[in-house]
Amino acid sequence: MNHNTSPPAVASRLTRRIANGLMRWVQNVSSWLSVQDLHNYLDKQAADDSGDVYRFNAGFRDKWVADRAKSVEPGSRVLDIGAGTAPYKGLFAHCKYETQDFAQYEGYKGAEGQYAKIDHVSDITAIPVPDESFDVILCTEVLEHVPYPIESLKEMIRITKRGGRLFITAPLGSGLHQEPYHFYGGYTDHWYRKFLTEFGCDVVSIEPNHGFFAHLAQECVRFESTYDQHKNLHERHGKQLLNLMGNLLPRYLYKIDKAILIKEFTVGFHVEARCRPVQSGQS
């Protein structure tokens, strides 16, 4: 008799198959329960103000500019450098608001709109106005798009009145956009301090636009915005992954960012500076 086919041997193999099957089932159930527990936890802990999660970058910048605009004296002459669509024009309705741009980017479309009326069409390093022409310079999300940012900053300061103010924002880290006019990954707070002070300004404030966890939340949202490019990779898990990456994790991470700010990975800095007034004895 072949011992491999004896009743005890057959029973033994059957027992092992059942045992292995049960083990796999337990593992699958445990894994599913862990994932469900994680989803339930994230859903419970996630921030309620989910609207801020999906546009905190631009939203926080908009609020910062609005706050600065309120502090500008009525009638002040303001130049919006790299104005593009001039999204902040209305905030300076109480001022003499002017725009500058090189006006050569042809990618504006859809939500971006079209160029606003540009008063000074020029290179950012050679704006055709006299020294000390403006009370306020506004320059938002522009410096990453200019080949010579140090020279650009120096030009901004040249045309700002002594005692005048500069409001500047730029990313610290961002994906490619407005190509081919995207030359730098971003600017640190140390960059602003070095060159603003070298060119005759005092730094009033440098504020990070949120921290690491909000930045991570922003990149999770990109999973959803790029989903059509990679949806074939996720098999039957696409719907759950979309909920995890596009909804639960961003809200949860945004809530953590409110509790602990890790500014080294901020999406960018918001900077206010003031041109030093003429000292007695100086021309």
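Treat the numbers as computed from the prediction; the structure is a model and nothing was measured.

(A) Main features of the overall build of the protein chain. Check the secondary structure of the protein chain and you find seven helices and seven strands. Taking all 283 residues of the protein chain together, 40% fall into the buried category. A separation threshold of at least 6 residues defines the contact pool for the protein chain, and within that pool the share at least 24 residues apart is 72%.

(B) A look at the packing of aromatic side chains. Considering all chains together, one arrives at twelve aromatic pairs under this definition. When the centroid spacing of 6.2 Å and the interplanar angle of 20 degrees are considered together, the rings of Phe92 and Tyr97 count as stacked. Tyr97 shares its class with Phe92; the two are buried. Consider the rings of Phe102 and Tyr181, whose centres lie 5.1 Å apart with planes at 85 degrees: the pair is edge-to-face. Separated by 79 residues along the polypeptide, Phe102 in the loop between strand E2 (96-101) and strand E3 (120-121) and Tyr181 in the loop between strand E5 (160-171) and helix H4 (189-198) bring together distant segments of the chain. Following the ring pairs from residue to residue traces out a cluster consisting of Tyr184, Tyr187, Trp191, Tyr192, Phe195 and Phe199.

(C) Expanded view of the sheet that holds E2. The strand order across the open sheet built from seven strands is E3-E2-E1-E4-E5-E7-E6, with neighbouring strands paired in mixed fashion. What marks the edges here is a single partner per strand, and that holds for E3 and strand E6 (201-208). Lying on the sheet, helix H3 (residues 149-158) is in contact with strand E1 (77-81), strand E4 (134-140), E5, E6 and strand E7 (268-275); it crosses E5 at an angle near 145 degrees. Across the face of the sheet, H4 comes into contact with E5, E6 and E7 while running at roughly 170 degrees to E6.

(D) Inspection of the environment of His230 at higher detail. One can find His230 in helix H6 (residues 227-230). Among the polar contacts listed, one links the side chain of His230 to the backbone oxygen of Phe223, at a separation of 3.3 Å.

(E) Examining the packing of helix H5 (residues 212-225) against helix H7 (residues 238-259) more closely. Contact pair H5 / H7: the axes reach a minimum separation of 8 Å and the direction vectors enclose 165 degrees. By the angle between their directions, the pair H5 and H7 is classed as roughly antiparallel. You can see that H5 and H7 cross each other, and the crossing is left-handed. For the pair H5 and H7, the contacting residues are Phe212, Phe213, Ala214, Leu216, Ala217, Cys220, Val221, Phe223 and Glu224 in the first and Leu241, Leu242, Met245, Gly246, Leu249, Pro250, Leu253, Tyr254, Ile256 and Asp257 in the second. Class assignment of the residues belonging to the contact of H5 with H7 gives a composition of 16 nonpolar, one polar and two charged.

(F) Representation of the nonpolar core within the structure. In this structure, Ile81, Leu143, Met156, Leu166 and Tyr192 are the most contacted members of the largest nonpolar core, which totals 29 residues. Broken down by secondary-structure element, the contributors of at least two residues to this core are E1, E4, H3, E5, H4, E6 and E7. Leave out the neighbours within four places in its chain, and Met156 touches Ile81, Ile124, Ile137, Cys139, Leu143, Leu166 and Ile168. Counting 14 residues, the second-largest nonpolar core is a separate cluster that includes Trp64, Ala69, Phe92 and Leu138.

Criteria and cut-off values
- Residues numbered from 1 in each chain as written.
- Predicted model: local features only at pLDDT ≥ 70, side-chain atom pairs only at ≥ 80, totals over all residues.
- Heavy atoms only, no water.
- Helix = DSSP H or I, 4+ residues; strand = E, 2+ residues; numbered from the N terminus.
- Buried < 20%, exposed > 50% of the residue type's maximum accessible area, 1.4 Å probe, protein only.
- Contact = heavy atoms within 4.5 Å.
- Phe/Tyr/Trp six-rings, centres within 6.5 Å; stacked < 30°, edge-to-face > 60°.
- Pairing = 2+ DSSP bridges.
- Axes fitted to C-alpha atoms, helices over the stretch in contact; angles between N-to-C directions.
- Polar contact = N/O pair within 3.5 Å; in protein donor to acceptor, adjacent residues only side chain to side chain.
- Parallel < 35°, antiparallel > 145°, perpendicular 65-115°, else oblique.
- Left-handed = near helix turned anticlockwise from the far one by under 90°.
- Nonpolar A, V, L, I, M, F, W, Y, C, P; charged D, E, K, R; others polar.
- Core = buried A, V, L, I, M, F, W, Y, C linked by side-chain atoms within 4.5 Å.

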